[in-house]
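Residue strings, one per chain:
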Amino acid sequence: MKILVPVKRVLDYNVKPRVKADGTGVDLANVKMSMNPFDEIAVEEAIRLREKGVATEVVAVSIGEAKAQETLRTALAMGADRAILVTSEDKVEPLGVAKLLKAIADEEAPGLIILGKQAIDDDNNQTGQMLAALTGWGQGTFASAVEVSGDTVTVTREIDGGAETVALSLPAIVTTDLRLNEPRYASLPNIMKAKSKPLATKTAADYGVDIAPRLSTLKVEEPAKRQAGVKVADVDELIGKLKALGVVA
Amino acid sequence: MNTLVWVEHDGAAVKDATLSAVTAAAQLGEVHLLVAGHGVGDVATAAAAIAGVGKVHVADDAAYAHALAENVAPLVATLMGHHDAFVVPSTSTGKNIAPRVAALLDVMQISDILSVEGDATFTRPIYAGNAIATVKSSDAKLVLTVRGTAFAKAASTGGAAVIEAVAAAGDSGKASFVSSEIAKSERPELTSAKIIVSGGRALQNAENFQAIIEPLADKLGAGVGASRAAVDAGYVPNDYQVGQTGKIVAPEVYVAVGISGAIQHLAGMKDSKTIIAINKDEDAPIFQVADIGLVGDLFKIVPELTGKL
Ligand SMILES: Cc1cc2nc3c(=O)[nH]c(=O)nc-3n(C[C@H](O)[C@H](O)[C@H](O)COP(=O)(O)OP(=O)(O)OC[C@H]3O[C@@H](n4cnc5c(N)ncnc54)[C@H](O)[C@@H]3O)c2cc1C
Ligand SMILES: Nc1ncnc2c1ncn2[C@@H]1O[C@H](COP(=O)(O)O)[C@@H](O)[C@H]1O
């Protein structure tokens, strides 16, 4: 079985995002970019399934500017076998990404597609579910455990009140939550090896998919700032404040 | 414009998140609800009583018992033939279903709206709430998820909507429910609690979390939350997590105990009315958003506070 893992290049999660003064977006010039953390977890899960003998090949896919190549090299260094880059200078929305992934899935015929549950730049949390709709496959979103046996994948999902387990017939879509696994670091030899792994470059036009955006961003602003408050000296003073707030009698 | 609001329920009662979604939908047009489930007559009755609702569609069938997206999305897509917007609370169920519906309708979803700006235009948080984008849709229909903390709750009584049964669309055969572990708690639910006490990595272990955080929460009648670090370390179950990728909360009072204030955590609680932080590091970022800060050792401060309340 082949596993497809879509990975997105995003602002590193440790970098504090800064809104551009002209209100057109968040400043991404000269800041550290990394693989979306949830996608690292997806890559890790796919590699583990290959190591267990469940999967035979792990293919990483990224859609974005040419630099997304770096993100794919990271996936290859972690252990993915090959990569596909679909270049687009314009931002591609989740619906467009899902359509491209559907076209790639038609070509590659994977048994599983493991995505992140959400990209931490736009916080959309949509692509996996959309891809599941377009392929007509089952979806195991927000996964904290994934178990493949025969032609079924059993997924434990993190839900508001606790956890839920569903069984999906393969092929299927899984999206990762934070506790699914702890992604490995790529070793130096593996980083070197990744440089010679196959990476195919395509364009959206190659797949004949319409990815024109449906949404327009009118402006991007900073949220209302909270004023830093006061520090109290001790518990008694804190209780005084709580009383003033009416929290305690 | 006719809107269709997804009713979040537990099989017996309508969840509060629905009421915020109703408020958002009412700003767009006439509000219709969809109750999908199995044996959901009572839920439908309760839904029909929500103020401002015109109609309640009820899909009562075994296929909808666990709100599997594979079964629910085609049902919603059919109903969207005569609705213009599908409005969904940003719950784990809502987030699972809405994009599947959007793709079936060939529509780009707008996630986690904070406000309705008119004319298919909405604000929403991006980058863990570090930026707010105003976006406009050019699609023929809207699919929206609604951040509960951003909209007032519609009144749960006073309405008298018509209840209409909808034919079930069958079972997809792609997915089946196996089991669930729903944590039972006497405490208020995080997303509707008025007061929340949250603990972080500093609690060191599950026993300390129990012994320090729970008694304070008991005294305050509060819900209990946690940072991801505390959840990851196994002090508490995952459904306690507050943050960008956990629950978004905005209680009257949020007490952060031994939590540093990483942006991913702040994303889930910085709209709380009053934030109280207890941390031994006076430079911890949590103090930049806290209204009231107390610098010191939580293992001394919290028991003293609990004792004196
Ligand atoms: C993709 C992604 C998503 C994430 N999503 C979330 C999310 O939704 N929610 C979330 O919370 N995090 C999330 N995180 C993790 C986040 O980045 C932080 O790692 C996490 O919030 C830190 O938790 P903490 O504050 O408990 O721990 P730490 O950062 O380790 O802070 C512990 C604090 O306790 C204080 N302390 C220690 N001992 C004492 C004592 N005795 N008395 C008083 N104070 C003490 C310390 O001064 C410190 O400030 C996410 C990370 C990633 C990469
Ligand atoms: N441009 C992209 N290239 C590759 N994968 C993507 C892209 N955008 C989104 N994804 C995948 O979809 C997941 C969810 O993203 P989103 O729906 O944008 O929050 C991510 O974690 C990735 O796995």
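The structure under discussion appears in the preceding block.
Please read all numbers here as calculations on a predicted model, not as lab measurements.

**Thoughts on the overall build of chain B**
Consideration 1: Helix and strand counts for chain B come out as eight helices and 16 strands.
Consideration 2: On C-alpha atoms alone, chain B measures out to a radius of gyration of 21 Å, which is about the 19 Å that the 2.2 N^0.38 rule sets for 309 residues.
Consideration 3: Structurally, chain B occupies a C-alpha span of about 60 × 40 × 40 Å along its principal axes.
Consideration 4: Put simply, 64% of the contacts in chain B that link residues at least 6 apart link residues at least 24 apart.
Consideration 5: For chain B, the computed accessible surface area is about 11400 Å², with 49% contributed by carbon and sulfur atoms.
Consideration 6: Both charge centroids of chain B, one from 22 positive and one from 32 negative side chains, sit 4 Å from each other.

**What about the site of ligand 1?**
Consideration 1: In the vicinity of ligand 1 lie 29 residues, with Arg201, Ser227, Thr245, Ser260 and Gln264 of chain B positioned nearest.
Consideration 2: With respect to ligand 1, the chains having nearby residues are chains A and B.
Consideration 3: A distance of 3.2 Å separates an oxygen atom of ligand 1 from a polar backbone atom of glutamine 244 of chain B.
Consideration 4: Out of a free accessible area of 990 Å², ligand 1 has 85% covered by protein chains.
Consideration 5: Listing elements by their share of the shell around ligand 1, those giving two or more residues are helix 1 (37-51) of chain A together with helix 6 (228-232), helix 7 (263-269) and helix 8 (298-308) of chain B.
Consideration 6: The class makeup of the residues in the shell around ligand 1 is eleven nonpolar, 13 polar and five charged.

**A closer look at the side chain of arginine 9 of chain A**
Residues and elements named next belong to chain A.
Consideration 1: By the element assignment, arginine 9 lies in strand 2 (residues 9-11).
Consideration 2: Within the local environment of arginine 9, its side chain forms a polar contact with the side chain of glutamate 65, the two groups lying 3.1 Å apart.
Consideration 3: In this structure, arginine 9 is in contact with Met33, Ser34, Glu65, Lys67, Ala68, Glu70, Thr71 and Asp121, ignoring residues within four places of it in sequence.

**What about the sheet that holds strand 16 (residues 292-295) of chain B?**
Consideration 1: Here six strands make up an open sheet; going across it, the order is 13(A)-16(B)-15(B)-14(B)-12(B)-13(B) and the pairing parallel. The strands lining the two open edges of the sheet, one partner per strand, are strand 13 (230-232) of chain A together with strand 13 (223-226) of chain B. For this sheet the average axis-to-axis angle between neighbouring strands, irrespective of direction, equals 20°.
Consideration 2: Sheet topology note: the strand 13 of chain A/strand 16 of chain B ladder contains three bridges and is parallel. Among the inter-strand pairings, lysine 231 of chain A is bridged to a residue of strand 16 of chain B, identified as glycine 293 of chain B.
Consideration 3: Strands strand 14 (253-257), strand 15 (274-279) and strand 16 of chain B of the sheet are contacted by helix 8 of chain B, whose axis makes an angle of about 130° with strand 15 of chain B.

**Concerning empty space enclosed by the protein**
Rolled over the atoms, a probe with the dimensions of a water molecule shows which regions are left empty.
Consideration 1: As enumerated under the stated definition, the model contains three cavities of 30 Å³ or more in all.
Consideration 2: Here the largest cavity is characterised by a volume of approximately 90 Å³.
Consideration 3: If you go around the largest cavity, you meet 13 residues; those closest to its centre are Tyr13, Pro17 and Ile120 of chain A together with Tyr127 and Ile263 of chain B.
Consideration 4: When contributions to the lining of the largest cavity are tallied by element, the ones reaching two or more residues are strand 2 of chain A together with helix 7 of chain B.
Consideration 5: Tallied by class, residues from the lining of the largest cavity come to nine nonpolar, two polar and two charged.

**As for the interface of chain B and chain A**
Consideration 1: Each side of the interface is counted separately: chain B has 84 residues, and chain A has 76 residues.
Consideration 2: Together chain B and chain A conceal approximately 6600 Å² of surface at their shared face, both sides included; 55% is due to carbon and sulfur atoms.
Consideration 3: Summed over the shared surface of chain B and chain A, the number is six salt bridges.
Consideration 4: Among the salt bridges present, the one from aspartate 232 of chain B reaches arginine 179 of chain A, with a minimum N-O distance of 3.2 Å.
Consideration 5: Considered class by class, the residues forming the side of chain B that touches chain A number 39 nonpolar, 25 polar and 20 charged.

**Quick word on the packing of aromatic side chains**
Consideration 1: Taken as a whole and judged by the stated rule, the model has zero aromatic pairs over all chains.
Consideration 2: Sitting over the face of the ring of phenylalanine 142 of chain A, lysine 117 of chain A holds its NZ or CZ atom 5.7 Å from the ring centroid.
Consideration 3: Of note, lysine 231 of chain A hangs over the ring of phenylalanine 287 of chain B, and the distance from its end group to the ring centre comes to 4.6 Å.

**A word on the sheet that holds strand 12 (residues 215-221) of chain A**
Consideration 1: In spatial order, the strands read 12(A)-8(B)-7(B)-6(B); together these four strands make up an open sheet with antiparallel pairing. Of all strands in the sheet, those with a lone pairing partner are strand 12 of chain A together with strand 6 (115-118) of chain B, marking the two edges. Geometrically, the sheet is characterised by an average inter-axis angle of 30° between neighbouring strands, direction not taken into account.
Consideration 2: Bridge count between strand 7 (residues 121-126) of chain B and strand 8 (residues 131-137) of chain B: six bridges; the pairing is antiparallel. Across the sheet, the residue bridging to arginine 124 of chain B is alanine 133 of chain B, located in strand 8 of chain B.

**Observations concerning the site of ligand 2**
Residues and elements named next belong to chain A.
Consideration 1: Taken together, the neighbourhood of ligand 2 is formed by 18 residues, with Asp39, Ile63, Ala119, Asn125 and Thr127 sitting nearest.
Consideration 2: With respect to ligand 2, the side chain of asparagine 36 contributes an N or O atom lying 3.1 Å from an oxygen atom.
Consideration 3: Contact distances for ligand 2 include 2.7 Å between a nitrogen atom and a backbone N or O atom of isoleucine 63.
Consideration 4: Contact with the protein chains removes 98% of the 480 Å² of surface that ligand 2 exposes when unbound.
Consideration 5: Broken down by secondary-structure element, the contributors of at least two residues to the shell around ligand 2 are strand 4 (57-64), helix 3 (94-108) and strand 6 (112-116).
Consideration 6: In terms of residues, the shell around ligand 2 owes the most to one element, strand 4, which gives three residues.
Consideration 7: Class assignment for the residues of the shell around ligand 2 results in eight nonpolar, eight polar and two charged.

About the cut-offs
Residues numbered from 1 in each chain as written. Chains lettered and ligands numbered in written order. Predicted model: local features only at pLDDT ≥ 70, side-chain atom pairs only at ≥ 80, totals over all residues. Heavy atoms only, no water. Helix = DSSP H or I, 4+ residues; strand = E, 2+ residues; numbered from the N terminus. Rg over C-alpha atoms; globule rule 2.2 N^0.38 Å. Contact = heavy atoms within 4.5 Å. Areas by Shrake-Rupley, 256 points an atom, 1.4 Å probe, with all protein chains shown as cover. Lys, Arg positive; Asp, Glu negative; His and termini not counted. Charge placed at Lys NZ, Arg CZ, Asp CG, Glu CD. Near = heavy atom within 4 Å. Polar contact = N/O pair within 3.5 Å; in protein donor to acceptor, adjacent residues only side chain to side chain. Nonpolar A, V, L, I, M, F, W, Y, C, P; charged D, E, K, R; others polar. Pairing = 2+ DSSP bridges. Axes fitted to C-alpha atoms, helices over the stretch in contact; angles between N-to-C directions. 1 Å grid on protein atoms, 1.4 Å probe; cavity = no way out; pocket = protein on both sides within 12 Å on 5 of 7 lines; lining within 4 Å. Points joined across faces, edges and corners; volume = space filled by probe spheres on them. Buried area = accessible area lost by both parts, 1.4 Å probe. Salt bridge = Lys/Arg side-chain N within 4 Å of Asp/Glu carboxyl O. Phe/Tyr/Trp six-rings, centres within 6.5 Å; stacked < 30°, edge-to-face > 60°. Lys NZ or Arg CZ within 6 Å of the ring centre and 35° of its normal.

Geometric values such as these leave the question of function open.
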